[in-house]
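Topology and contacts: notes
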Amino acid sequence: MRILVTGGAGFIGSHLVDRLLADHHQVAVLDNLSTGRKENLNPEAKFYPGDIRDKQVSSLMAEEKPEVLFHLAAQINVRKSTEDPIFDNEVNVSGSLNLIKAFLATGGKKIIFASTGGVMYGETDILPTPETVEPFPLCPYGIAKLSVEKYLNYFHRYFNLSFAALRFGNVYGPRQNAFSEAGVVAIFSARLLAGKPAIIFGDGQQTRDFVYIDDVIRACLLTLEQDPASFFNVGTGEETSVNEIFSQVARWIDKPCERQYAPAKEGDIRRSCLATEKIKKYLGWQAQVSLAEGIRKTVQWFKEQALSGKL
Ligand SMILES: NC(=O)c1ccc[n+]([C@@H]2O[C@H](COP(=O)([O-])OP(=O)(O)OC[C@H]3O[C@@H](n4cnc5c(N)ncnc54)[C@H](O)[C@@H]3O)[C@@H](O)[C@H]2O)c1
């Protein structure tokens, strides 16, 4: 299949591109390298440096004529979205619409969208949270993701677009940016390997649903084979505290590990955990990599990066 991956130089997107190429798809990448990295780009994929908000996206679509669009490019920083909701909206909503319109205009058939499970349901006390709970995102980033889901549904209904929106939990694994706002496994790994203390915001008892990158990519691939026209949580159904993540990462670091507690970040959700019965039922997907195994592999990768001076 001819597939376009936006955000293909990023953490999740680059793993997806590698896997699609291994499965003999023809893959192109659109990325503005704002948080993505050139080293992540697979040379077998045609790279279009550019912004999803740009009108040039139409020429790219006309040239590539992708049948499938994996849309992962986004302003991913929740805090930035609260500081500058207009910018967040421009990238995450208008940019997505720009892509969808151009994709449909050149005969595109299916969009798989990287949505969020972590902030989609706000402060619900129904945990693990199924998709039947009303979405109530409490940050502009989440509101934008929900808006795009609604647009996809609209284009499905009136323009015959096939789609799937995958509501990812907290994805972790090799290549995750260790110097950004989120991605606690990567951030702790890099700091502890550098002999610095891990900083825990709040009491560390806040929980998230941590899902390993390989499992996430498997979910993405399953949507290629089926036509769900729906949204799905992609998580493990298990709640893990940040304190527990610290302990699990520290296990694999061959030096003393310290943690420091800092004031909780305003607006952080206390607990998050995704129910996964829906994706199991419709796509036959279930997380397979245990947290212990996923963290071992991730820390191993960061160790290799540190040894080769890339961290
Ligand atoms: N990592 C997670 O835990 C997680 C959880 C839920 C949802 N998601 C979603 O998954 C997707 C990928 O996230 P990631 O963790 O790989 O982040 P990432 O920052 O590594 O990847 C995002 C990519 O998009 C590119 N990009 C950003 N703005 C762009 C623009 N305007 N035009 C073109 N390219 C642009 C960046 O350069 C980067 O390569 C995002 O949509 C994110 O919201 C991620």
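It should be emphasised that the depicted structure is a prediction, and the values quoted were computed from it without experimental measurement.

A short note on the overall build of the protein chain
- The secondary structure content of the protein chain amounts to 10 helices and 13 strands.
- Computed over its C-alpha atoms, the radius of gyration of the protein chain comes to 19 Å, within 12% of the 19 Å expected for a compact globule of 311 residues.
- C-alpha extents for the protein chain along the principal axes are approximately 55 × 45 × 40 Å.
- Going through the 311 residues of the protein chain one by one, you find that 46% of them count as buried.
- For the protein chain, long-range pairs separated by at least 24 residues make up 79% of all intrachain contacts whose partners lie at least 6 apart in sequence.

Looking at the domain arrangement of the protein chain
- The domain boundaries assigned to the protein chain delineate domain 1 (2-171 + 209-234) and domain 2 (174-208 + 238-274 + 289-307).
- In this structure, domain 1 and domain 2 have C-alpha centres spaced 25 Å apart.
- Taken together, the contact between domain 1 and domain 2 spans 27 residues of the former and 22 residues of the latter.
- Partitioning the side of domain 1 that touches domain 2 into residue classes produces 10 nonpolar, 12 polar and 5 charged.

Some remarks on the site of the ligand
- Taken together, 31 residues surround the ligand, and among them G7, G10, G36, A74 and A114 come closest.
- When contributions to the shell around the ligand are tallied by element, the ones reaching two or more residues are α1 (11-22), β2 (26-31), α4 (85-105), β5 (110-116) and β7 (170-172).
- Looking at side-chain class alone, the shell around the ligand contains 14 nonpolar, 14 polar and 3 charged residues.

As for the environment of N42
- Along the chain, N42 falls in the loop between β2 and β3 (46-49).
- Through-space distance from the C-alpha of N42 to that of K101 is 27 Å; in sequence the pair is 59 residues apart.
- Ignoring any residue separated from it by four or fewer positions in sequence, one finds N42 in contact with S14, V17, D18 and L21.

Brief notes about the pairing of strand β1 (residues 2-6)
- Most of β1 sits out of view: 4 of its 5 residues are buried.
- A crossover links β1 with its parallel partner β2, the connecting element being α1, and its sense is right-handed.
- When β1 meets strand β4 (residues 68-71), the two strands line up parallel, connected through 4 bridges. Paired with I3 across the bridge in β4 is V68.

What about the sheet that holds β5?
- Taken together, the 7 strands give an open sheet; going across it, the order is β3-β2-β1-β4-β5-β6-β11, and neighbouring strands pair in parallel fashion. Across the chains shown, the open sheet's two edge strands, defined by having one partner strand only, are β3 and β11 (230-234). Shown here is a sheet whose adjacent strand axes are inclined to one another by a mean of 20°, direction ignored.
- As paired strands, β5 and strand β6 (residues 162-168) are joined by 7 bridges and run parallel to one another. Paired with A114 across the bridge in β6 is L166.

Some details on the packing of helix α6 (residues 184-193) against helix α10 (residues 291-307)
- Closest axis-to-axis distance for the α6/α10 pair is 10 Å, and the angle between their directions is 45°. Regarding the angle of α6 to α10, the classification is oblique. Between α6 and α10 lies a crossing of right-handed hand. Contact residues: V185, S189, A190 and L193 in α6; I295, T298, V299, F302, K303 and A306 in α10.
- Its residues placed into classes, the contact of α6 with α10 shows 7 nonpolar, 2 polar and 1 charged.

Side note on helix α2 (residues 57-64)
- Those residues of α2 not exposed but buried are V57, L60, M61 and E64. Along α2, the residues classed as buried sweep out an arc of 100° about the axis, all on the same side. Every exposed residue of α2 that faces more than 90 degrees away from the buried side is listed here: A62 and E63.
- The inward-facing, buried residues of α2 contact β1, β2, β3 and α4.
- Remark: K65 follows α2 within two positions and exhibits a positive phi of approximately 45°.

Brief notes about unusual backbone geometry
- The linkage connecting L127 with the following residue, P128, adopts the cis geometry, with an omega of -15°.
- One can find P128 in the loop between β5 and α5 (140-159).
- Despite not being glycine, H24 shows a phi value in the positive range, around 70°.
- Summarising the element assignment, H24 is placed in the loop between α1 and β2.

Scoring rules and cut-offs
Residues numbered from 1 in each chain as written. Predicted model: local features only at pLDDT ≥ 70, side-chain atom pairs only at ≥ 80, totals over all residues. Helix = DSSP H or I, 4+ residues; strand = E, 2+ residues; numbered from the N terminus. Rg over C-alpha atoms; globule rule 2.2 N^0.38 Å. Buried ≥ 20, exposed ≤ 12 C-beta atoms within 10 Å, placed from the backbone. Contact = placed C-beta atoms within 7 Å. Domains from an automatic or database assignment. Nonpolar A, V, L, I, M, F, W, Y, C, P; charged D, E, K, R; others polar. Near = placed C-beta within 6 Å. Right-handed = clockwise from strand over helix to strand, strands pointing away. Pairing = 2+ DSSP bridges. Axes fitted to C-alpha atoms, helices over the stretch in contact; angles between N-to-C directions. Parallel < 35°, antiparallel > 145°, perpendicular 65-115°, else oblique. Left-handed = near helix turned anticlockwise from the far one by under 90°. Arc of directions from axis to C-beta.

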